[in-house]
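As a plain string of letters, each chain reads:
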Amino acid sequence: MAKKTQTIDGNTAAVHVAYALSDVAAIYPITPSTSMGETADEWSSQGRKNIFGQTLQIREMQSEAGAAGAVHGSLAAGALTTTFTASQGLLLMIPNMYKMAGELLPAVFHVSARAIAGHALSIFGDHSDVMAVRPTGFSQLASGSVQEAMDMALVSHLSAIDASLPFIHFFDGFRTSSEIQKIELIDYDDMAAMVNHDAIRDFRDRAMNPEHPNTRGTAQNPDIFFQAREAANPYYLAVPEIVLENMGKVGKLTGRNYRLFDYVGHPDADRVVISMGSSTETLQEVVNHLNKRGERVGLLKVHLYRPFSMEHFMAALPGSVEQITVLDRTKEPGAIGDPLYLDVCSAFIEYGQVPDITAGRYGLGSKEFTPGMAKAVFDNMKALGPKHHFTVGIKDDVTYSSLPYENELDTTPEGTIQCKFWGFGSDGTVGANKSAIKIIGNNTEKYAQGYFAYDAKKSGGVTVSHLRFSGHKIQSTYLVHSADFVACHKANYVKLYDLLEDIKPGGTFLLNSPWTQEEMETEIPASLRRTIARKNLKFYNIDAVKIAASVGLGGRINMIMQTAFFKLANVLPFEEAVDLLKKDIHKTYGNKGEKVVQMNLGAVDKSVENLQEINYPESWKNAGKEALPEMDVPDFVKDVMIPMAAQQGDKLPVSAFEPDGIFPLGTSQYEKRGVAISIPEWIPENCIQCNQCAFVCPHATIRPGLVTEEELADAPDAFVTLNAVGKEVKDYKFRIQVYPLDCMGCGNCADICPAKKKALVMRPIDTQTEIQEPNRKFFETVPDRGHLVKRDSVKGSQFYKPLMEFSGACAGCGETSYVKLLTQLYGERMVIANATGCSSIWGASAPSVPYCQNADGFGPAWGNSLFEDAAEYG
């Protein structure tokens, strides 16, 4: 077989197979599975054919429960049917899943496994969802990498058809679903040759059909229900051999050979870890690392989790094993142990010989699982008294379950180039990095990997991209902690984050800033200057914002920074990289017109001309420590919020959090992110005091105030006011105050201003902050005077303090201005039942909560249950 490679993510790898082997897909979006349904829908609209020569029929339903019902009905009618889901979405399908299994229907669900909301919503990955559906009768097959996501997807579809039973094919949400890797594609013609067409014919013959009608789904009394329930046992007993046979077919075609339980490591290992999902890639790296140093360790990867085949499990383990640790990526509160551990213990009890088995839990909610953590698991088995039912990757100072681990263990293959990019949501950084990975992966022999860690805030949130390039297969399913190249795409991040914590000595640091070499002395904090000098970094600066503006790209700096990356990171010869980049520009932007293409090509050329190496002085090695600012903030902000904002939340211990998941109100006021490029400047002489600017502001960052002459005595000189218009307020001074570090720069206020001469003009943030921050601080000392005016008018409502302020919504959000207004009208007596979605993210992304209280301590009480049940919950 000619091997065709492509650089794609895990979701695309799975849907490549699902599309080929299905007649129908009934879908409903839920993160991080959404792109599987979107990709299938896009391919269908383009007329892509499956192995049956047809376009896949896509039906988007009103909920996951509706999608499950549609899958069940479609299967009952004789159509091979798939769906894509995760987390609560999968749980909402449970009633139909029992039906599909009970009726022996060959569904395949592709699940990007994700945490289930309990004390809080988490959109990130673990195995809580797939473990919660263990009893439904679905077989479950696990993938640990992007390549496996394609291979196991194929095994799942082939086996569902052969076994006449439904399958869940799952892989870790975000870590595998969104990770980009160069993999080998399986051709549709090759898939068609593997399919059991006789079994498909039998399935279609059993379909509901008025030409040979029958009845299914009867109601049964105690006299027969038990017996009928046991009648399907032979189907489940046959599954392991069916899956093994289909793994053999895939192996024969691809050369990638899988077993139900794959053992890797020392043939005479004394210590073995058992796990499944993406952790197996990291564990395999560490097994290889430890065995090279004389240890005898191994890893057993679980692929077929249900039905759990004790026979194949025992055959896979080396006879030399003395100690076993079972790792679960889920927590089952109150159970003796978590699910995989209990299955392994049961298997040994049935077998009649029980070795020393310890249980561990890791990686909940996409918590990192690194080589240092994996080594700690193996080291724990060597201890005189190994810790049992441990956690790894956190500091548990409440029940003391956690293992200590090394941060610095680097097991990546020699010659791997590792890169880390600090970007800003909506600046194009993530898209540019995905493009760079695909350019290198699809046009060279190199392996490429990309993983993107997002703040939950969309536009305006921090994004950290982790890229690796290597001549060897990459199995590092964890973030980059030893970078050769670090880029910071937003200048003020130098003051917010420890950008260079993970850079290697002698590495390269690229900064996007408007600063000259002289200005670096004052703009870059001393701690960062010390790191640059002491690690002997190569330091470069580029003013990407200025270049983007000069070529007409606005705030999209991605092409400039991508070019600078290719110039500095040495992944490819620069001339070759630029040639590939320009070809990609024609391909990506060609349908948007020649002007857009030329703007991007111009950005590439200008990037090289304007890249400046910073020759920093030796004195940076001993740059003085900054005096920490005095902060009068609540303990929660100091102890939890500030570390999280600095990307140090992983270091917080268990004791930092309330056991019921409750967070305090009004914490968004302490973020002061300063992420806008331009913010409004108030021009008092043009203002007609209509308050429409405040009315439309989605982030409550522009506010009218009424001030007395006495209060103005303490005001900054720049605190300009007007005589207030209106009989109720004739004794007061009026001012519009901008909150510069909270504004998102959408410009809605300037757009809505009805004055003949605009009273609001957008200006660069660096021209406003120094003047307006003192004004803002004084403005907040002025009492709220909403009671002076009618609350139910546009103008009057805006004199009331918004009880929803500085949210994490995108710039110009269409939702938050309405919610903000509601809080100004009724906030002190509001109870909010929130439907999971954007309103969860801008409304309650821990630790920053925009809902707040008035001067009397009253404000909106906010609660979130699920997506579908908001009305019932309310």
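Each remark here, short or long, concerns the structure printed above.
Everything in this summary refers to the structure shown in the same document. Remember, it's a predicted structure, so these values are computed and weren't measured experimentally.

Notes on a nonpolar patch on the surface
In step 1: The grouping of I394, V398 and V654 at the surface amounts to a nonpolar patch, some 200 Å² of accessible area in total.
In step 2: Locating V398 in the fold gives a position in the loop between β15 (390–392) and β16 (402–403).

Looking at the nonpolar core
In step 1: Ranked by size, the top nonpolar core spans 104 residues in total, and within it F109, L154, I168, V243, I274, F313 and L340 carry the most contacts.
In step 2: Looking at which element gives the most residues to this core, the answer is helix α7 (residues 146–163), with 11 residues.
In step 3: Residue contacts for F109: discarding those within four places in its chain leaves V71, T83, L90, M93, M97, M100, F138, F167, I168 and H169.
In step 4: I542, L553, L580 and L581 belong to the second-largest nonpolar core, a separate cluster that totals 47 residues.

Focus on the sheet that holds strand β21 (residues 503–512)
Backbone-to-backbone hydrogen bonds join strands into a sheet, with any given pair of strands oriented parallel or antiparallel.
In step 1: The strand order β1-β8-β18-β19-β17-β20-β21-β22-β23 describes an open sheet built from 9 strands, whose pairing is mixed. The open sheet has two free edges, formed respectively by β1 (4–9) and β23 (612–613), since each of these has just one partner strand.
In step 2: Note: β1 against strand β8 (residues 180–185), 6 bridges, orientation antiparallel. What sits directly across from T5, in β8, is E184.

A short note on the packing of aromatic side chains
In step 1: In this structure the tally under the stated criterion is 25 aromatic pairs.
In step 2: Pairing F421 with F485 gives two aromatic rings, centres 5.6 Å apart and planes at 50°, and the pair type is tilted. Note that F421 is positioned in strand β17 (residues 417–424) and F485 in strand β20 (residues 483–488), a separation of 64 residues in sequence. The same class applies to F421 as to F485, namely buried.

Some details on the pattern of salt bridges
Side-chain pairs of opposite charge can arise where the charged atoms are in close proximity.
In step 1: Counted under the stated rule, the structure contains 35 salt bridges.
In step 2: Here E184 makes a salt bridge to R256, at a shortest N to O gap of 2.7 Å. Here R256 lies in the loop between α11 (233–254) and β9 (261–265) and E184 lies in strand β8, a separation of 72 residues in the sequence.
In step 3: For R256, a relative accessible area of 15% translates into the label buried.
In step 4: The partner of R791 in a salt bridge is E828, with the nearest N and O atoms 2.9 Å apart. Placement of the pair is R791 in the loop between α27 (769–779) and α28 (794–797) and E828 in the loop between α29 (816–826) and β29 (831–834), with a sequence separation of 37 residues.
In step 5: Overall, E828 belongs to the partly exposed group, its relative accessible area being 27%.
In step 6: When salt bridges that share partners are traced, they join D270, R271, E295, R296 and K382 into one network.

How each quantity is defined
- Residues numbered from 1 in each chain as written.
- Predicted model: local features only at pLDDT ≥ 70, side-chain atom pairs only at ≥ 80, totals over all residues.
- Heavy atoms only, no water.
- Patch = residues over 30% accessible without salt bridge, like charges linked within 9 Å, V, L, I, M, F, W, Y side chains within 5 Å.
- Areas by Shrake-Rupley, 256 points an atom, 1.4 Å probe, with all protein chains shown as cover.
- Salt bridge = Lys/Arg side-chain N within 4 Å of Asp/Glu carboxyl O.
- Helix = DSSP H or I, 4+ residues; strand = E, 2+ residues; numbered from the N terminus.
- Core = buried A, V, L, I, M, F, W, Y, C linked by side-chain atoms within 4.5 Å.
- Buried < 20%, exposed > 50% of the residue type's maximum accessible area, 1.4 Å probe, protein only.
- Contact = heavy atoms within 4.5 Å.
- Pairing = 2+ DSSP bridges.
- Phe/Tyr/Trp six-rings, centres within 6.5 Å; stacked < 30°, edge-to-face > 60°.

By themselves, these figures tell us nothing about what the structure is for.
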